[in-house]
Amino acid sequence: MSTEFNDRLANSHGDRAQIWIVGSREQVNHIISEMYVKEMIAERSQFSPLVPSPFAQGKYMSVLIR
């Protein structure tokens, strides 16, 4: 995992919920875009950067912290 992702994940966010999206690069980007269009999120920067998934080879992931 990237250092930036580890830093974001290690931050204490109290009781904030996290949404993890895991899939192919295209699937993850599509879901993030869909959530933005449907106004489920205010801006795409609420997601962590797209990184290779450490537990699913060949997959990517992003985390939304609300």
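Relevant structure appears above.
Residues numbered from 1 in each chain as written. Predicted model: local features only at pLDDT ≥ 70, side-chain atom pairs only at ≥ 80, totals over all residues. Heavy atoms only, no water.

K.L.:
I'm lost on the packing of aromatic side chains in this one. Help?
P.N.:
Within a pair of aromatic rings, the relevant descriptors are the distance that separates the centres and the angle that separates the planes. Using the criterion set out here, one finds 0 aromatic pairs in the structure. Across from the ring centre of Y60, 4.3 Å away, lies the NZ or CZ of R25, which sits over that ring. (Phe/Tyr/Trp six-rings, centres within 6.5 Å; stacked < 30°, edge-to-face > 60°. Lys NZ or Arg CZ within 6 Å of the ring centre and 35° of its normal.)

K.L.:
Even after reading the chapter, I still don't get the pattern of salt bridges, so can you show me in this structure?
P.N.:
Proximity of charged atoms lets side chains of opposite charge pair with each other. By the definition in use, this model includes 1 salt bridge. E34 is the salt-bridge partner of K38, the closest N and O atoms lying 3.1 Å from each other. On the basis of relative accessible area, K38 is assigned to the exposed category, the value being 56%. (Salt bridge = Lys/Arg side-chain N within 4 Å of Asp/Glu carboxyl O. Buried < 20%, exposed > 50% of the residue type's maximum accessible area, 1.4 Å probe, protein only.)

K.L.:
It is not clear to me how the sheet that holds strand β3 (residues 60-65) should be interpreted in this structure. Could you clarify?
P.N.:
Where strands meet in a sheet, backbone hydrogen bonds hold them as pairs that are either parallel or antiparallel. Within the open sheet, the 3 strands sit side by side as β1-β3-β2. Their pairing is antiparallel. Strands with a single pairing partner mark the edges of an open sheet, and in this sheet they are β1 (18-23) and β2 (51-52). Sheet topology note: the β1/β3 ladder contains 6 bridges and is antiparallel. Residue pairing for β3: W20 is matched across the bridge by V63. Its contacts with the sheet put helix α2 (residues 25-37) on β1 and β3, and the angle it makes with β1 is roughly 140°. (Pairing = 2+ DSSP bridges. Helix = DSSP H or I, 4+ residues; strand = E, 2+ residues; numbered from the N terminus. Contact = heavy atoms within 4.5 Å. Axes fitted to C-alpha atoms, helices over the stretch in contact; angles between N-to-C directions.)

K.L.:
What should I look at first to understand the nonpolar core in this one?
P.N.:
Within soluble globular proteins, side chains that are nonpolar tend to cluster in buried spots. One finds I21, V28, I32, M35, I41, F47 and L64 forming the largest nonpolar core, which totals 7 residues. Counting residues per element, this core draws most heavily on α2, at 3 residues. If sequence neighbours within four positions are ignored, L64 has contacts with A17, Q18, I19, M35, I41, Q46 and F47. (Core = buried A, V, L, I, M, F, W, Y, C linked by side-chain atoms within 4.5 Å.)

K.L.:
Sorry, what's going on with a nonpolar patch on the surface here?
P.N.:
Together, W20, V22 and F55 give the surface a local cluster of nonpolar side chains, amounting to about 310 Å² of exposed area. Of note, V22 is situated in strand β1. For V22, a relative accessible area of 37% corresponds to the partly exposed category. (Patch = residues over 30% accessible without salt bridge, like charges linked within 9 Å, V, L, I, M, F, W, Y side chains within 5 Å. Areas by Shrake-Rupley, 256 points an atom, 1.4 Å probe, with all protein chains shown as cover.)

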